[in-house]
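Chain by chain, the residues:
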Amino acid sequence: MTTPSHLERLNPEQRAAIETTEGPLLVLAGAGTGKTRVLTTRFAHILLSGHAKPWQILAVTFTNKAAREMRERISGLTGETTDGLWLGTFHALCARMLRRHAEYVGLTSSFLILDTDDQLRLLKQVAEPWRIDIKRWPLPGLLGVIQRWKDRGLTPDGVTPAEDSSYADGHARAIYGTYQARLRELNACDFGDLMLHVVDILRTRPDVLEQYHRLFRYILVDEYQDTNTVQYLWLRLLARREGMPSNICCVGDDDQSIYSWRGAEVENILRFEKDFPGARIVRLERNYRSTAQILGTAAGLIAHNDGRLGKTLRPGREDAQGEPVLIVSIWDSDAEAREVCRRIETMRRDGHALGEIAILVRAGFQTRAFEERLVQFGIPYRIIGGLRFYERAEIRDALAYMRVLVNPADDLAFERIINVPKRGVGTAALQKLHAQARTERNGLSSAVETLLTTAAFRGKSQEKLASLMQTFVKQRSVLGREGHVVAVSGLLEDSGYLEMWRNDNAPDAPGRLENLKELVRALADFGTLGEFLEHVSLVMEAEGAAEEDRVSVMTLHGAKGLEFDSVFLPGWEEGVFPSQRTLDEGGDKGLEEERRLAYVGITRARHRAVILHAASRRIYANWQESMPSRFLDELPDEYVEREGDTPTRRERQDYSGYFTDSIFSDSQNSTMAPLVAKKRRTAVHDELVSSAPQIEVGARVFHQKFGYGVVINADRGATEVVFEEAGTRRVMSSYLQTVTS
DNA sequence: TTCCCCGATCTTTTT
DNA sequence: GATCGGGGAA
């Protein structure tokens with residue numbers, strides 16, 4: 001008998017993971033062991049071997065990206081389209097289920113999915129009667145508390161009074177209840193509700209549960225270590241079938257669990273055998289990605305964690321010999337960025353592709369130093385993360401306009417745009433509108449109509465609101481006749497929204513207009529406006545821009561699941577990595593999660609990993625001494641090479657004294673600076689800044705980031721410059737060079 | 001109502 | 001250093 005083509009070139013463990021189709025199965029897949037391949041091949045195998053029809057398999061991922069990748073690979077293996085499959089993110093699949101059974105939780109099938117801005121606006125209204133001290137208890141924090149409850153599958157009734165002790169003076173639970181009631185009135189859901197409501201339905205409606213038990217013969221779960229409690233409950237409800245086997249296959253890696261702060265429970269994966277009796281466990285330990293040195297370093301580090309399921313990565317290739325992992329110690333964070341860029345420049349000269357190089361940082365604030373330095377070196381880069389397309393203010397505004405267009409009763413959207421552009425509607429007018437809406441038992445939109453017939457609005461705002469309402473009416477009829485692209489363009493134009501950005505002198509205004517154009521372009525890919533809005537609320541990312549050869553700069557969290565030939569890991573210092581805050585809040589558990597994050601970072605590299613740490617770091621405005629990360633001491637000596645004079649933590653603690661060399665020395669060969677008194681260093685730094693040449697008004701100058709410009713206002717330190725490209729900005733004069741024109 | 005200045009704050013992030 | 005939100009003045 002010959003091996004079917006989709007099962008060729010798999011190692012024995014991978015084959016076991018794919019061919020064990022019946023009964024519960026946990027696949028512990030270490031980094032780089034072919035996890036996605038196993039997952040997709042398993043899916044294809046179940047189909048090709050005739051175990052199930054395409055729609056009888058439930059396949060769940062966390063991100064849209066992972067879902068998309070699975071779709072592509074499955075259709076590659078089976079040659080079939082993947083339309084209609086139950087394959088998607090937890091939230092997308094739950095949204096689909098909830099649309100079918102919405103009435104069981106008091107919604108209709110056309111319920112609205114709220115984004116974070118909507119949630120906050122709603123919460124603000126709801127929390128108002130409690131008169132919460134917003135300074136002590138900021139609303140985003142309150143929203144976080146509610147979200148954590150939802151992550152744990154707790155409805156307002158399920159939260160015990162004991163759990164509601166601290167936040168918002170013990171009112172969080174009551175506010176949560178009101179918040180949920182308001183959502184129901186609005187026929188709306190937040191992200192947490194998508195899961196929570198479906199679990200609620202599956203628990204209380206045996207007939208519905210039965211229906212899904214018959215439907216889903218096989219369940220596949222990706223990144224099981226990242227599941228939170230509701231997601232776990234959802235899976236358990238669907239997988240445990242009366243009198244039938246639980247054909248659930250969860251793939252994950254307890255060593256890569258890095259999302260506990262947003263509700264993920266590593267315990268879910270650790271408990272798998274108890275939850276599903278008779279479960280088999282397959283370990284994928286052969287790593288085909290990284291060199292033996294990189295794997296050895298990562299393994300040595302992660303061995304310091306307790307309570308692991310136990311798994312050792314082994315090099316999958318015999319020839320996987322490479323360079324040791326390099327640890328570089330550096331003066332300060334500026335020199336660190338310079339050092340990384342210099343190495344990248346050398347690599348580029350040697351013919352390495354920039355797209356195969358990544359700089360992975362612990363926290364967002366670290367990216368800026370690298371960004372500035374990369375610009376200076378002329379190295380193309382891309383920052384991954386940050387604000388995503390659909391999170392930009394102008395995009396959210398435009399989406400709110402669209403939402404009101406399709407649904408005049410969408411109060412949250414209407415409230416967002418009623419005064420954007422300015423129409424003279426402030427808090428006072430808005431309160432009147434809310435009051436009117438309550439008495440009418442109708443939406444804000446109709447309240448505006450009513451109040452327009454009275455003299456409720458003063459002068460200009462009367463006129464502007466009337467015109468806004470007319471625009472909506474007009475474009476709704478255009479929507480019917482000429483389609484959504486024309487209607488939305490007309491709406492954004494006639495409402496004055498585009499005009500607002502055209503008249504804006506801010507340097508980023510043209511970019512925002514460009515984004516809006518892009519948004520309208522994207523509209524054309526969808527049949528209706530409703531379809532587009534559903535897509536946007538579940539898929540927060542815009543379809544990828546063209547892949548170019550650029551260095552990637554991103555957080556360690558953002559890098560999970562990716563791989564690069566070369567990886568730079570800067571900022572391995574106590575307080576930064578491991579992060580002080582995680583240590584304070586999470587104790588030993590927090591430390592272990594940080595260590596897993598370090599493990600994730602190292603295992604992203606195929607051939608080269610360079611870890612850096614600086615003796616002094618500029619955090620926000622001031623310089624801080626920093627000690628090398630404890631993780632550096634945990635890396636096994638046989639696989640690493642230390643460059644620069646790298647004192648251990650203990651040596652460093654014993655040391656005291658003043659530095660003699662210039663801290664701005666470019667030479668990485670100079671002896672390591674001993675601990676520097678903060679005062680002294682800051683003084684030197686200030687001196688350098690103040691000794692920068694005084695720049696006169698009218699002088700033509702050059703700035704690394706903003707380009708050429710003319711000084712219009714000069715002060716000590718801060719200088720106002722009109723840049724040719726970037727508009728008017730206040731910048732540090734020490735960053736300016738005068739240019740003779 | 002809006003604009004401007006001042007002070008407090010400053011993980012990680014997907015859906 | 002930059003940004004965001006609050007509070008005060010026009």
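As named in an unreviewed UniProt entry, chain A is DNA 3'-5' helicase, taken from Acetobacter musti. According to UniProt, the comment filed for chain A under the heading Sequence similarities (unreviewed entry) is "Belongs to the helicase family. UvrD subfamily."

*Asks:* So what's going on with the overall build of chain A? Residues and values would help.
*Replies:* Along chain A, the regular secondary structure elements total 29 helices and 23 strands. Sequence separation of at least 24 residues holds for 73% of the intrachain contacts in chain A that already meet a minimum separation of 6. Here chain A displays about 34,200 Å² of accessible surface, and carbon together with sulfur accounts for 50% of that area.

*Asks:* How would you sum up the nonpolar core? Please name residues and give values.
*Replies:* In this structure, Leu58, Leu194, Leu202, Trp234, Leu235, Leu238 and Ile248 are the most contacted members of the largest nonpolar core, which totals 71 residues. Per-element accounting of this core gives the leading share, eight residues, to helix H10 (residues 229-239). Leaving out residues up to four positions away in the same chain, Leu194 has contacts with His91, Cys94, Ala95, Leu98, Phe111, Ile113, Cys189 and Leu538. Counting residues in each nonpolar core, the second largest holds 50 residues, with Ala398, Leu399, Leu451 and Leu516 among its members.

*Asks:* Give a detailed account of the protein's contact with DNA strand B, specifying residues and quantitative values.
*Replies:* The environment of DNA strand B is formed by 31 residues, the closest being Arg362, Gly364, Gly426, Thr555 and Thr582. Near-protein atoms of DNA strand B (within 4 Å) split between backbone and bases, with sugar and phosphate holding 56%. Measuring from a phosphate oxygen of DNA strand B, one finds a side-chain N or O atom of Thr555 at 2.4 Å. At 3.2 Å, a side-chain N or O of Thr582 approaches a base oxygen of DNA strand B. Taken together, the elements giving at least two residues each to the surface near DNA strand B come down to helix H18 (427-440) and helix H26 (580-602). Counting residues per element, the surface near DNA strand B draws most heavily on H26, which supplies four residues.

*Asks:* Requested: an account of the environment of Thr204, with residues and values cited.
*Replies:* By the element assignment, Thr204 lies in helix H8 (residues 191-204). Of the polar contacts made by the side chain of Thr204, one reaches the backbone oxygen of Asp200; its length is 2.8 Å.

*Asks:* I'd like a description of the confidence of the model for chain A, backed by residues and values.
*Replies:* With 87% of its residues at a pLDDT of 70 or more, chain A has an overall mean of 85. For chain A, the element scoring lowest by mean pLDDT is helix H29 (residues 678-690), at 34; strand E6 (residues 218-221) scores highest, at 97. Here residues 648-693 scores under 50 on pLDDT; set against residues more than four positions off or in separate chains, the count is 69 contacts.

*Asks:* Quick rundown of the state of the cysteines? Include the residues and the values.
*Replies:* By definition, a disulfide is the covalent link that joins the sulfur atoms of two cysteine residues. All chains considered together, the criterion is met by zero disulfides. Free cysteine: Cys189, not disulfide-bonded; nearest cysteine sulfur from Cys94 at 10 Å. The cysteine Cys249 is free of any disulfide, with Cys250 supplying the nearest cysteine sulfur at 6.8 Å.

*Asks:* How would you summarise the packing of H8 against H10 if you had to cite specific residues and measurements?
*Replies:* Running from N to C, H8 and H10 point in directions that differ by 35°, and their axes come no closer than 10 Å. With respect to the hand of their crossing, H8 and H10 are arranged in left-handed fashion. Residue-level contacts link Met195, Leu196, Val198, Val199, Leu202 and Arg203 of H8 to Val230, Gln231, Leu233, Trp234, Leu237 and Leu238 of H10. Of the residues assigned to the contact of H8 with H10, the class counts are ten nonpolar, one polar and one charged.

*Asks:* Requested: an account of the pattern of salt bridges, with residues and values cited.
*Replies:* Scanning the model with the defined rule gives 55 salt bridges in all. In this structure, the salt-bridge partner of Arg512 is Asp508, at a minimum N-O distance of 3.1 Å. Classification of Asp508 as partly exposed rests on a relative accessible area of 38%. Each of the salt bridges in this network shares a partner with another, and the network as a whole consists of Lys35, Asp222, Glu223, Asp226 and Lys560.

*Asks:* Give me the lowdown on the sheet that holds strand E2 (residues 57-61), citing residues and values where you can.
*Replies:* Within a beta sheet, neighbouring strands are joined by backbone hydrogen bonds and run either parallel or antiparallel to one another. With parallel pairing, the six strands of this open sheet are ordered in space as E3-E2-E6-E7-E1-E8. The sheet is open, and its two edges are formed by strand E3 (86-89) and strand E8 (280-284), each paired on a single side. Taking each pair of neighbouring strands and ignoring which way they run, the sheet shows an average axis angle of 15°. Of the pairings in the sheet, the one linking strand E1 (residues 25-29) to E8 comprises five bridges and is parallel in character. Residue pairing in the sheet places Ala29 in a bridge with Leu284 of E8. Running at roughly 145° to E8, helix H1 (residues 12-19) makes contact with E1 and E8 of the sheet.

*Asks:* Give a description of the pairing of strand E14 (residues 551-555) that names residues and reports values.
*Replies:* With four of its five residues buried, E14 lies for the most part within the structure. Sheet analysis places strand E12 (residues 357-361) next to E14, joined by four bridges and oriented parallel. Opposite Val361, over in E14, you have Thr555 as the bridge partner. Relative to E14, strand E13 (residues 381-383) runs parallel, the two sharing three bridges. Looking across to E14, one finds that Ile383 is bridged to Val553.

*Asks:* Give a detailed account of unusual backbone geometry, specifying residues and quantitative values.
*Replies:* Between Val420 and the following residue, Pro421, the backbone shows a cis peptide bond with an omega angle of 0°. Note that Pro421 resides in the loop between helix H17 (411-417) and H18. Positive phi, normally seen in glycine, also occurs at Asn187, with a value near 55°. In this structure, Asn187 sits in the loop between helix H7 (172-185) and strand E5 (188-189). The buried category is assigned to Asn187, whose relative accessible area is 18%. Phi angles above zero are rare outside glycine, and Arg441 is one such case at about 55°. Here Arg441 is to be found in the loop between H18 and helix H19 (444-453). Taking the relative accessible area as the measure of exposure, Arg441 reaches 76% and is therefore exposed.

*Asks:* An account of H10 is requested, with residue identities and associated values reported.
*Replies:* Burial within H10 is extensive, with ten of its eleven residues counted as buried. Regarding H10, its N-cap is Asn228, as a side-chain oxygen of that residue lies 3.2 Å from the backbone nitrogen of Val230 further along.

Cut-offs applied
- Residues numbered from 1 in each chain as written.
- Chains lettered and ligands numbered in written order.
- Predicted model: local features only at pLDDT ≥ 70, side-chain atom pairs only at ≥ 80, totals over all residues.
- Heavy atoms only, no water.
- UniProt positions renumbered as here; feature names shortened; annotations may be inferred.
- Helix = DSSP H or I, 4+ residues; strand = E, 2+ residues; numbered from the N terminus.
- Contact = heavy atoms within 4.5 Å.
- Areas by Shrake-Rupley, 256 points an atom, 1.4 Å probe, with all protein chains shown as cover.
- Core = buried A, V, L, I, M, F, W, Y, C linked by side-chain atoms within 4.5 Å.
- Buried < 20%, exposed > 50% of the residue type's maximum accessible area, 1.4 Å probe, protein only.
- Near = heavy atom within 4 Å.
- Polar contact = N/O pair within 3.5 Å; in protein donor to acceptor, adjacent residues only side chain to side chain.
- pLDDT = per-residue confidence, 0-100.
- Disulfide = S-S within 2.5 Å.
- Axes fitted to C-alpha atoms, helices over the stretch in contact; angles between N-to-C directions.
- Left-handed = near helix turned anticlockwise from the far one by under 90°.
- Nonpolar A, V, L, I, M, F, W, Y, C, P; charged D, E, K, R; others polar.
- Salt bridge = Lys/Arg side-chain N within 4 Å of Asp/Glu carboxyl O.
- Pairing = 2+ DSSP bridges.

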